[in-house]
Amino acid sequence: RSRGGLAVAHNGNLTNANTLRAELVAQGAIFQSTSDTETIVHLAARSASLRIVDKLIDALRQVEGAYSLVALTSKKLIGVRDPFGVRPLVLGMLEGSYILASETCALDIIGAEFIRDVEPGELIVVTDAGLESHFPFRPQPHRFCVFEYIYFARPESVLEGRNIYEARKSIGRVLAEESPTVADLVVPVPDSGVPAALGFATAANI
């Protein structure tokens, strides 16, 4: 707080959050919630680094798990994706201003242009001077979460070059080929299963 406010939006789960939380509480930290996000904020606040970007890097080097994260200060927009690339993060632009979002559908809704996916382990800093890209973490094998394609993402989104709706239809087609069955109807449950059900029904001629 001595260096100004920090707003953080975080998508993901930290596998060592409970361990980090216990260590922070033992050092006198007071938590207001059970959110993994608050653990990241506490780690950043306790960093000896002076710049907010370096504080955030220090914090994220201590966490383990899957995340994409967007932070906002009075002067900077910061976006970072975990080194494994488990959770998505995309970069867009609207009227000359950069935008960070977890899916391309968020850009579509406001009429923004999709620029590219944020790379695994990439940290983006946007200021009045423009955009900077950094890779402060050790490279890891790519492990994008398959449930983004199956369930999490909205069907109109495009993640890592693949349209979610078409990916789900393909999943249904492959399922029909791998596990053929005798049936009268294909019923999708829940709504995210509709494209897969259509793909299954088409391939199975049901």
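Note that the structure is a prediction, hence the values are computed from the model and not measured.

**Student:** Mind showing me how you'd approach the packing of aromatic side chains here?
**Tutor:** A full pass over the atoms with the stated rule returns 3 aromatic pairs. Ring centres of Phe147 and Phe152 lie 6.1 Å apart, and the angle between their planes is 45°; on these two criteria the pair is classed as tilted. The exposure class assigned to Phe147 is partly exposed, which follows from its relative accessible area of 43%. Put simply, the rings of Phe147, Tyr151 and Phe152 touch in pairs and so form one group of aromatic residues. Cation over ring: Arg162 sits above Tyr149, and NZ or CZ is 5.5 Å from the ring centre.

**Student:** Just checking my understanding: could you explain the packing of helix α2 (residues 36–46) against helix α3 (residues 52–60) for this structure?
**Tutor:** To describe two helices that pack against each other, one gives the angle between their axes and the distance between the axes. Packing of α2 against α3 leaves a shortest axis separation of 8 Å and a crossing angle of 125°. One way to sum up the angle between α2 and α3 is to call them oblique. Where α2 crosses over α3, the two elements pack in a sense that is right-handed. Where α2 abuts α3, its residues Ile40, Leu43, Ala44 and Ala45 lie against Lys55, Leu56, Ala59 and Leu60.

So, how was this worked out
Residues numbered from 1 in each chain as written. Predicted model: local features only at pLDDT ≥ 70, side-chain atom pairs only at ≥ 80, totals over all residues. Heavy atoms only, no water. Phe/Tyr/Trp six-rings, centres within 6.5 Å; stacked < 30°, edge-to-face > 60°. Buried < 20%, exposed > 50% of the residue type's maximum accessible area, 1.4 Å probe, protein only. Lys NZ or Arg CZ within 6 Å of the ring centre and 35° of its normal. Axes fitted to C-alpha atoms, helices over the stretch in contact; angles between N-to-C directions. Helix = DSSP H or I, 4+ residues; strand = E, 2+ residues; numbered from the N terminus. Parallel < 35°, antiparallel > 145°, perpendicular 65-115°, else oblique. Left-handed = near helix turned anticlockwise from the far one by under 90°. Contact = heavy atoms within 4.5 Å.

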